[in-house]
Amino acid sequence: MELTQRQNFKIIVTLLLLMAVLQPVYTALFVGFPGLDLLYIWRLEGIIFVLLASFSAAALVMTNDHALGLSAIAFSALFKLLAIGIGLTQFIPFRAAAELSKDLSEVSSSITAFSFFCYCSANMFLGLAAMVFANSRFREGGRALGGAAMLFGAVAFITNSLVMMFGFEGFFPAPVAGGFAVIATVLLAVCMLKITSKD
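The shown structure was predicted, so the numbers you read here are calculated from the model rather than taken from an experiment. (Residues numbered from 1 in each chain as written. Predicted model: local features only at pLDDT ≥ 70, side-chain atom pairs only at ≥ 80, totals over all residues. Heavy atoms only, no water.)

Draft legend 1. Main features of the side chain of Thr-159. Mapped onto the fold, Thr-159 is located in helix 5 (residues 143-166). Relative accessible area serves as the criterion here: at 6%, Thr-159 is assigned to the buried category. The residues touching Thr-159, leaving out its near neighbours within four places in the chain, are Phe-172, Ala-177 and Phe-180. (Helix = DSSP H or I, 4+ residues; strand = E, 2+ residues; numbered from the N terminus. Buried < 20%, exposed > 50% of the residue type's maximum accessible area, 1.4 Å probe, protein only. Contact = heavy atoms within 4.5 Å.)

Draft legend 2. How the structure looks around the nonpolar core. One finds Ile-12, Leu-16, Leu-52, Ile-73, Phe-133, Leu-188 and Met-192 to be the most contacted residues of the largest nonpolar core, which totals 42 residues. Put simply, the parts of the chain that give this core at least two residues each are helix 1 (5-32), helix 2 (39-62), helix 3 (67-100), helix 4 (105-139), helix 5 and helix 6 (174-198). Aside from chain neighbours lying at most four places away, what touches Phe-133 is Phe-9, His-66, Gly-69, Leu-70, Ile-73, Leu-188, Cys-191, Met-192 and Ile-195. (Core = buried A, V, L, I, M, F, W, Y, C linked by side-chain atoms within 4.5 Å.)

Draft legend 3. Local environment of the packing of helix 1 against helix 3. Taken N-terminus to C-terminus, the directions of helix 1 and helix 3 make an angle of 40°; their axes are 13 Å apart at the nearest point. Of the possible angle classes, the one that applies to helix 1 and helix 3 is oblique. Once helix 1 is placed against helix 3, the crossing between them reads as left-handed. Contact residues: Gln-5, Phe-9, Ile-12, Leu-16 and Met-19 in helix 1; Leu-70, Ile-73 and Lys-80 in helix 3. Here the residues of the contact of helix 1 with helix 3 sort into 6 nonpolar, 1 polar and 1 charged. (Axes fitted to C-alpha atoms, helices over the stretch in contact; angles between N-to-C directions. Parallel < 35°, antiparallel > 145°, perpendicular 65-115°, else oblique. Left-handed = near helix turned anticlockwise from the far one by under 90°. Nonpolar A, V, L, I, M, F, W, Y, C, P; charged D, E, K, R; others polar.)

Draft legend 4. Looking closely at the layout of surface pockets. In this model, the largest pocket occupies a volume close to 1000 Å³. Taken together, 35 residues form the lining of the largest pocket, with Tyr-26, Phe-30, Trp-42, Phe-116 and Phe-168 sitting closest to its centre. Contributions of two or more residues to the lining of the largest pocket are made by helix 1, helix 2, helix 3, helix 4, helix 5 and helix 6. With 7 residues, the top contributor of residues to the lining of the largest pocket is helix 3. Its residues placed into classes, the lining of the largest pocket shows 23 nonpolar, 8 polar and 4 charged. (1 Å grid on protein atoms, 1.4 Å probe; cavity = no way out; pocket = protein on both sides within 12 Å on 5 of 7 lines; lining within 4 Å. Points joined across faces, edges and corners; volume = space filled by probe spheres on them.)

Draft legend 5. Looking closely at the pattern of salt bridges. In total, this model carries 1 salt bridge according to the counting rule given. Taking the shortest distance from any N to any O, the salt bridge between Glu-140 and Arg-137 comes out at 3.6 Å. (Salt bridge = Lys/Arg side-chain N within 4 Å of Asp/Glu carboxyl O.)

Draft legend 6. Main features of unusual backbone geometry. Phi is positive for His-66, which is not a glycine, with a value near 60°. Position of His-66 among the secondary structure elements: in the loop between helix 2 and helix 3.

Draft legend 7. Structural detail: the packing of aromatic side chains. Going through the model one piece at a time under the given rule, you end up with 6 aromatic pairs. For the ring pair Phe-75 and Phe-125, a centre distance of 5.7 Å and an interplane angle of 25° mean the geometry is stacked. Taken together, the residues Phe-75 in helix 3 and Phe-125 in helix 4 connect sequence positions 50 residues apart. According to the relative accessible area criterion, Phe-125 is partly exposed, its value standing at 23%. Here the aromatic residues Tyr-26, Phe-30 and Trp-42 are joined through ring pairs into a cluster of three or more. (Phe/Tyr/Trp six-rings, centres within 6.5 Å; stacked < 30°, edge-to-face > 60°.)

Draft legend 8. Helix 5, seen in detail. Taking 1.5 Å of rise per residue, the 24 residues of helix 5 would be expected to cover 34 Å, and the 34 Å separating its terminal C-alpha atoms lies within 8% of that figure. Looking only at helix 5, the buried set comprises Leu-145, Gly-146, Ala-149, Gly-153, Ala-156, Thr-159, Asn-160, Ser-161 and Val-163. The positive-phi residue at the C-terminal boundary of helix 5 is Gly-167, with phi of around 95°. (Expected span 1.5 Å × (residues − 1).)

This is the structure:
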C-alpha cells in the first residue's frame, strides 16, 4: 500500500489528535473513578503509537522538508510505546512482589521511574516537533498559530526535561509538564493540517 505525503500527513494529524484527546480522558477517569480498570486505554494508546511511528517514518523518508519534525514524532511514538509496554507488563507484577518483599520495593520504584523517564523523553520529542512545524508555519505567514506552537512546544520541551532530570516527584509537577505536552501536540497537529491543506 503506497500513500502520498499528503495522506501520510493527514493520518499523522489524526493520530496526534487521538493521542492528545486520550490523555485528559484518562486523567478524568483516573480521578473520577479510582477503581476503574484503565489499562484498556493504555492498550489503545499502544496501537496508536505503533501506527504513529510507522506513518511518521514513512513520511520522513518521502520528505524534502520537516525531516527533524517527522523524526521527532516517530521517536516520540516509540518512546511512548516503550513507556506503555513497561507499564502494562511490569507495573502490576513488581508492585505485587514489592508487597511481599520490601527488598523489591526499590526495584518496583525504579521500573516506574524508567517508564516515566521514557514518557517525558517522548514529550520532549513532541515539543521539538511542535517547534519545527511552528517555525515552518510562522515563515509561511501563520504567525499566531506558529507563535503559539513555538511557545508551547518550547515549554513542553523544557518542563518535561526538568521532570526527566529531577524525577517524577521532583520540584516541577509532572502532570503540568504532561499538560503542556498535550497542548503542544494539538498545536503540532494543527500546524501539520495547515501544511496539508496548503498542499
